[in-house]
Amino acid sequence: MSANNSKSIVNTSKINFFKLFFEYDNKAFDFFSNHYYSDLNKRLSFKMVEIYTNNASVLNTVVKIKKNKKSYEDYVDGKINNIWETLSNDVNAFNDVPHKLPKSSRALRTQIEKYLKQGYSAIIDKRLDNKNASKIKDNEQTSLIDELLAKHQNFDNKQIANVYNLICKKLGWKTITAQTIANRKEANKLVIIAGRKGTNALSNTLLMQNKRTAPTKPMLYWTMDGWDAELLYQSTTTNKKGYSITTYHNRLNVVLILDPFNKYPVGYAIGTHETPQLIKEALRNAFQHTKALFGSFFRPYQLQTDNYSISVLKPIYEACTTHYTPAKVKNAKAKIIEPYFNRFNKEYCQMFQNWSGHNVNSGSKNQPNTEYLNKIRNQFPDKEGCKQQLISAIELERAKKRDEYINQWLNVPVEYKSEMTFEMYLKVLGESTGYTNRLTGAGLITKLQGQELVYDSFDINFRKLSHNDWCIKYDSNDLSQILVINANSKNGKLINEIGTYQFILQQKHIQPMALAERSENDAKQLQNITEYNNQIIEYITNKRSENATIVENLLRQPELNDTLAKLLLVDSRGQHKDRKNESNIIQDNAKIVIKRLKKDVDKKANEHKQDSQKEIDEYNKEKIDITEYL
């Protein structure tokens, strides 16, 4: 066997011996996997963890063999003069796992000594933090750069580098480039973003956000927002010079109330722009819809809105729900309704030829052919036509989801169901005329939606307060009832609601003049009024009797003898005059009223009879030739 072949066999034996002692170090893997470095708690990459673990495993093998030098010599059948040189050769030849250890024996020995003292930490490259190589070392330097980056003027990287380098020249610091500023801006974004873009940007992008799930039942949560619908309509106006101008870029605003349970549009209102009045209209629509679905006005358990006109609308929102939770100011994350608008726009609005595009205000590329839109602009609907397009789309959306919404309502726990009374509904969301009215003998007369209507109440307390001015709250979809609230007014115009008294009034029944046209319901209504008036007369009688007893006892006191009040109120026998005569007076007054009413009825009947006879005579006079009968 040649010398070369013998050397080859020996080397193979050494490698086999090294393999025999090699063992993968799982503890090293755990250590490097959980290791952090730098002030940002940066982790080692998976590749670096793998290399460092293999390095530790190989070093462990070297330490074992070094301790078992005699066994090693016996294995290779020869004395080893330089153990570190031999071990270095073994490490360089070992390739069962990838590793990165020193190539020279001296460097390997130094690495082992360091490893035995520091453990796994000795393997980690101390240059990872890159602090020694960085041009920005001291707190003064980093703080200066961070403050320049955080300025509200939003300086660019080059501007900041120029300012920083001017200071460097004065203090003897090393100058930096715009790229260094860019790196620092990215690395320290958390600290500087609030200064550059505001606290809202910090909150929406870097602060911790809540993750929410949609409600599992209807009516647990409503959210609402306004949306400029992406449908165009044409509008013609007259300018100051009297010329007609037609524009084609007009869009309507939709205030939508959404139940996230199944993305159900529970309420909506459409106008030219978002206003508190349009929001109230959307809420009215929502509560009217709950009545249509569930038989009564029901409030959502929770309502969330943005902060538009919050000072005006907050009392209304609070009355419309059990829990009102306004979204944090400028918190875009809370607006779950916006993705719904995007889907609604694509699914429904895009089907119309007057579709203006997807998210048109954002400059999105998903836009229709503007050249063709301009060509067909004369075919755009007018305002009312565009409104009907939106209504039809929303109602179609409702129809798709209505059954699921109603069925799941049955599973909502009772404690989460909150009914709103009709009185509260009108008080909070009812429309107002802007004027006040007073009770008259015929009732409370007002004009609603272009028609004169009369309302009244069988509540005697309403008549006791007949001296009050009343503002009217009504639902344009149901004029059979109104709510009246006492108010301050000037020349009949509403100034403000007082709100200490309020009554629900019913639309007054109109009786036919002709007996022949009177129905059973007419007779019932007459009977109701008669019984009510009798109750009032009884109330007046009892009240006067009560007052008389009190006054009579009062005037028996000796110190009130020969006073003017006693002369006026007590007769010669010491009895209260009004108490003795009040019954007769009331009865006589009632007889007078009935007699007067009968007289008026007879008079009108006679006048009608005379007018009818006169018309007959005039007709006969024109049509009959008397000479034929002579």
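Conventions we followed
- Residues numbered from 1 in each chain as written.
- Predicted model: local features only at pLDDT ≥ 70, side-chain atom pairs only at ≥ 80, totals over all residues.
- Heavy atoms only, no water.
- Helix = DSSP H or I, 4+ residues; strand = E, 2+ residues; numbered from the N terminus.
- Buried < 20%, exposed > 50% of the residue type's maximum accessible area, 1.4 Å probe, protein only.
- Contact = heavy atoms within 4.5 Å.
- Core = buried A, V, L, I, M, F, W, Y, C linked by side-chain atoms within 4.5 Å.
- Expected span 1.5 Å × (residues − 1).
- Bend = angle between axes of the 7 residues up to and from the residue.
- Salt bridge = Lys/Arg side-chain N within 4 Å of Asp/Glu carboxyl O.
- Arc of directions from axis to C-beta.
- 1 Å grid on protein atoms, 1.4 Å probe; cavity = no way out; pocket = protein on both sides within 12 Å on 5 of 7 lines; lining within 4 Å.
- Points joined across faces, edges and corners; volume = space filled by probe spheres on them.
- Nonpolar A, V, L, I, M, F, W, Y, C, P; charged D, E, K, R; others polar.

Chemist: Can you help me understand the overall build of the chain in this one?
Modeler: Helix and strand content of the chain: 21 helices and 18 strands. By the burial criterion, 35% of the 630 residues in the chain qualify as buried. Contacts in the chain between residues at least 24 apart in sequence constitute 60% of all its contacts with a sequence separation of at least 6.

Chemist: Teacher, can you tell me more about the nonpolar core here?
Modeler: Side chains of nonpolar character tend, in soluble globular proteins, to be buried together. Judged by nonpolar contacts, the single largest core of 40 residues is most densely connected at W222, L283 and Y405. It is helix α12 (residues 276–294) that provides the largest number of residues to this core, a total of 8 residues. In terms of nonpolar packing, the next biggest core, distinct from the first, is built from 30 residues, F22, I65, W84 and L101 among them.

Chemist: Help me understand helix α16 (residues 383–409), please; the structure alone is not making it clear to me.
Modeler: The periodicity of an α-helix, 3.6 residues per turn, causes residues three or four places apart in sequence to face the same way. Under the 1.5 Å per step criterion, the end-to-end length of α16 is 36 Å for 27 residues, consistent within 8% with the ideal 39 Å. Roughly 50° is the biggest bend found in α16, and it falls at K401. Those residues of α16 that fall on the buried side of the exposure criterion are C386, Q389, L390, A393, I394, E397, R398, K401, Y405 and W409.

Chemist: Is there a simple way to think about the pattern of salt bridges in this case?
Modeler: The final tally for this structure, using the stated rule, is 12 salt bridges. The partner of D96 in a salt bridge is K19, and the shortest N-O contact between them spans 3.7 Å. With D96 in the loop between α5 (83–93) and α6 (105–118) and K19 in helix α1 (residues 3–21), this pair connects stretches of sequence that are 77 residues apart. Residue classification places D96 among the partly exposed positions, given a relative accessible area of 45%. On the accessibility criterion, K19 (39% relative accessible area) is partly exposed. Where E347 meets R343, a salt bridge forms, and the shortest distance between an N and an O atom there is 2.3 Å. Of this pair, E347 and R343 both sit in helix α14 (residues 337–347), 4 residues apart, roughly one helical turn. For E347, a relative accessible area of 33% gives the class partly exposed. Since its relative accessible area comes to 31%, R343 is described here as partly exposed. If you follow the salt bridges from partner to partner, you end up with R343, E347, E397, K400 and K401 in one network.

Chemist: What is the right way to read helix α7 (residues 139–149) from this model?
Modeler: Considered for burial, the residues of α7 that qualify are Q141, T142, I145, D146, L148 and L149. Buried residues of α7 fall within an arc of 165° about the axis and therefore sit on the same side. Away from its buried face by more than 90 degrees, α7 exposes N139, E140 and E147.

Chemist: Before we go on, may I ask you to explain empty space enclosed by the protein in this structure?
Modeler: To find leftover empty space, a probe the size of one water molecule is rolled over the atoms. Tallied over the full model, the rule gives 2 cavities of 30 Å³ or more. Within this model, the largest cavity holds a volume of roughly 50 Å³. Ranked by residues supplied to the lining of the largest cavity, first place goes to α14 with 3 residues. Lining the second largest cavity we find M224, D225, V255, E274, I279, T305, D306 and Y317. Here the lining of the second largest cavity is built from residues that sort into 4 nonpolar, 1 polar and 3 charged.

Chemist: Looking at this structure, how should I read unusual backbone geometry?
Modeler: In this structure, K263 takes a positive phi of about 55° despite not being glycine. Within the secondary structure, K263 is located in the loop between β6 (253–259) and β7 (264–271). Unusually for a residue other than glycine, Q449 sits at a positive phi of about 50°. If you trace the backbone, Q449 turns up in the loop between β14 (443–448) and β15 (451–456). Here Q449 falls in the partly exposed class, since its relative accessible area comes to 49%.

These figures come from the coordinates and say nothing about function on their own.
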